[in-house]
Amino acid sequence: MVPQHDFPPLTNDLILRAARGEQTERAPVWVMRQAGRYLPEYRELRKNHEFFEICQTPALAAEFTLQPIRRYSGLLDAAIIFCDIMVVPQAMGLEVIMNPGPSLPNPIRELEDLKRLREEVDVDKELGYVYDAITLTRKELKGQVPLIGFCGAPWTLMAYMIEGGGSKSFQLAKSWLFKYPEESKALLLKIGDVCADYLVGQIRAGAQMAQVFDSWASELSTYDFITFSLPSLKHIASKVRSRLDAEGIPQVPLTLFAKGANSTLDIQAKEAGYDTIGLDWIYDLATARSIVGDGVALQGNFDPNVLYGGREAIDREVKRVCQSFLGGKAPKAWIANLGHGITPGVDPDDLKFFLECVHKYSAAS
Ligand code: 1CP
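Just so we're clear, the structure is a prediction, and the values are computed from it rather than from any experiment.

**Structural notes on the UniProt feature "domain: Uroporphyrinogen decarboxylase (URO-D)" (unreviewed entry) in the protein**
According to UniProt, the "domain: Uroporphyrinogen decarboxylase (URO-D)" (unreviewed entry) feature falls on residues 28–37 and 148–164. Overall, residues 28–37 shows 0% helix and 0% strand. The separation of its end C-alpha atoms is 23 Å. In residues 148–164, the share of helix is 59% and the share of strand is 29%. The end C-alpha atoms are 27 Å apart.

See below:
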């Protein structure tokens, strides 16, 4: 069934064109975690609401999503729906609280615990509130910029589900890969299945792009990333695309951000099935481009800490990156972003300056 939405026409499709591999007059730019704690308006509104209450209340989720779009009007080229990757483990039957990062009071520790996961997950029912938030946000955006939907990658979600929260060593989650390799693969595909259905629901509701965050890919060896994470990432991309086709919903660009998985950039680009590959700040863009070839767009990859360096450093860094990567030519298949999320201590005016620098230095000279 093709959804019948009556959304306002899009007036800035720069990021969609870049994701399709096209040349753009300047690099589109957005920032991971742009709707977050560095914004005083975020902290103010957040005082009165619990984190998951915001996610589950479409009017609040839309309001938080729009805060950076309003503040940086004309400077940001995408909005990302306010939510968290941990809603998928919730939909699978686990309790997750935000404290201040995600925390699971009853994590999965033994094979036995897998029985606590729902056998069948009715994602549309469990996470329908996210779809409603997306539809409402699309209307409120009034076509200013595209709206990005997202989910966590199966490995990153599995790591949280086993660790019970963030971790330094990921000893518990990684020992599962070694102790129970076949059960781990099955769990990753099961999570991937839910993620794919969830992304299809988000796209049906109005998301114009979708990103998969494999934040803890950095913890896996090259072999383990290829053995465990990659098959589930491939499964998500192929299932999303085939379900969209089957339902007559137009395809949208898909982005994979496997943070720290730089040793597999070539494999990600050639095998995973995504339009855009997100980069952390380790490789320079030209090197990443030479590794991935011309078949995918790149997203990234300024070090988030450049935003603490002061205006002179921000100007110098954006200029350096744009000049070395673009050499005065118009950008092609490049979405500017940080190499990870913006952190709470950043001065919002410094982010504004950063965005202005990207506009200025990424335009063809
Ligand atoms: O206290 C607060 O107000 C919560 C802070 C916060 C926010 C704003 C959390 C807790 N999550 C979010 C929103 C969020 N999370 C978004 C949407 C908004 C946007 O990007 O503008 C997205 C895309 C995420 C994704 C997310 N959550 C990831 C993947 C990206 C990444 O940063 O690596 C991960 C790993 C999470 C888990 C998470 N949620 C929140 C925190 C503090 C963390 C990470 C740290 C931890 O594990 O403790």
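Following the structure, the description resumes.
**Details of empty space enclosed by the protein**
For the coordinates displayed, the defined rule picks out 1 cavity of 30 Å³ or more. Lining the largest cavity are Pro8, Leu10, Arg138, Leu141, Gly143, Val145 and Gln208. Of the residues assigned to the lining of the largest cavity, the class counts are 4 nonpolar, 2 polar and 1 charged.

**Remarks on unusual backbone geometry**
Each neighbour pair has its own omega, and for Asn99 with Pro100 the value is -15°, a cis peptide bond. Its place among the elements puts Pro100 in the loop between strand 2 (97–98) and strand 3 (102–103). For the peptide bond that leads from Gly300 to Asn301, omega is -5°, which places it in the cis range. Here Asn301 shows up in strand 8 (residues 297–302). Although it is not a glycine, Lys142 adopts a positive phi angle of roughly 55°.

**As for the packing of aromatic side chains**
On inspection of all chains with the given rule, the structure shows 13 aromatic pairs. Ring centres of Phe64 and Phe82 lie 5.2 Å apart, and the angle between their planes is 35°; this geometry places the pair in the tilted category. Here Phe64 is found in helix 4 (residues 58–71), whereas its partner Phe82 is found in the loop between strand 1 (79–80) and helix 5 (87–91), with 18 residues between them in sequence. Each member of the pair, Phe64 together with Phe82, is buried. Arranged with centres 6.4 Å apart and planes meeting at 85°, the rings of Phe213 and Phe257 form a pair that is edge-to-face. Linking Phe213 in strand 5 (residues 209–214) with Phe257 in strand 6 (residues 254–258), this pair joins segments that are 44 residues apart in sequence. Assessed through its relative accessible area of 14%, Phe213 is described here as buried.

**A closer look at the layout of surface pockets**
Approximately 940 Å³ is the volume found for the largest pocket. Lining of the largest pocket is provided by 34 residues; of these, Arg33, Arg37, Phe51, Cys83 and Asp84 occupy positions nearest its centre. Top element by residues in the lining of the largest pocket is helix 2 (residues 40–46). It accounts for 3 residues.

**Quick look at the packing of helix 8 (residues 154–163) against helix 10 (residues 181–205)**
Direction vectors running N to C along helix 8 and helix 10 enclose 115°, while the axes themselves pass 9 Å from each other. In this view, helix 8 runs roughly perpendicular relative to helix 10, as classed from their interaxial angle. In the packing of helix 8 onto helix 10, the handedness of the crossing is right-handed. Between helix 8, through Pro154, Trp155, Leu157, Met158 and Met161, and helix 10, the contact on the second element is made entirely by Ser184, Leu187, Leu188, Ile191, Gly192 and Cys195. Counted by class, the contact of helix 8 with helix 10 contains 9 nonpolar, 2 polar and no charged residues.

**A word on the pattern of salt bridges**
Per the counting criterion, the structure on display carries 23 salt bridges. Notably, a salt bridge pairs Asp350 with Arg311, separated by 2.7 Å at the nearest N-O pair. Here Asp350, found in helix 15 (residues 348–362), pairs with Arg311, found in helix 14 (residues 311–326); they are 39 residues apart in sequence, far enough to count as distant. A single network of salt bridges, built from pairs that share partners, joins Asp124, Asp193, Asp197, Arg204, Lys239, Arg243 and Glu247.

Rules and cut-offs
- Residues numbered from 1 in each chain as written.
- Predicted model: local features only at pLDDT ≥ 70, side-chain atom pairs only at ≥ 80, totals over all residues.
- Heavy atoms only, no water.
- UniProt positions renumbered as here; feature names shortened; annotations may be inferred.
- Helix = DSSP H or I, 4+ residues; strand = E, 2+ residues; numbered from the N terminus.
- 1 Å grid on protein atoms, 1.4 Å probe; cavity = no way out; pocket = protein on both sides within 12 Å on 5 of 7 lines; lining within 4 Å.
- Points joined across faces, edges and corners; volume = space filled by probe spheres on them.
- Nonpolar A, V, L, I, M, F, W, Y, C, P; charged D, E, K, R; others polar.
- Phe/Tyr/Trp six-rings, centres within 6.5 Å; stacked < 30°, edge-to-face > 60°.
- Buried < 20%, exposed > 50% of the residue type's maximum accessible area, 1.4 Å probe, protein only.
- Axes fitted to C-alpha atoms, helices over the stretch in contact; angles between N-to-C directions.
- Parallel < 35°, antiparallel > 145°, perpendicular 65-115°, else oblique.
- Left-handed = near helix turned anticlockwise from the far one by under 90°.
- Contact = heavy atoms within 4.5 Å.
- Salt bridge = Lys/Arg side-chain N within 4 Å of Asp/Glu carboxyl O.

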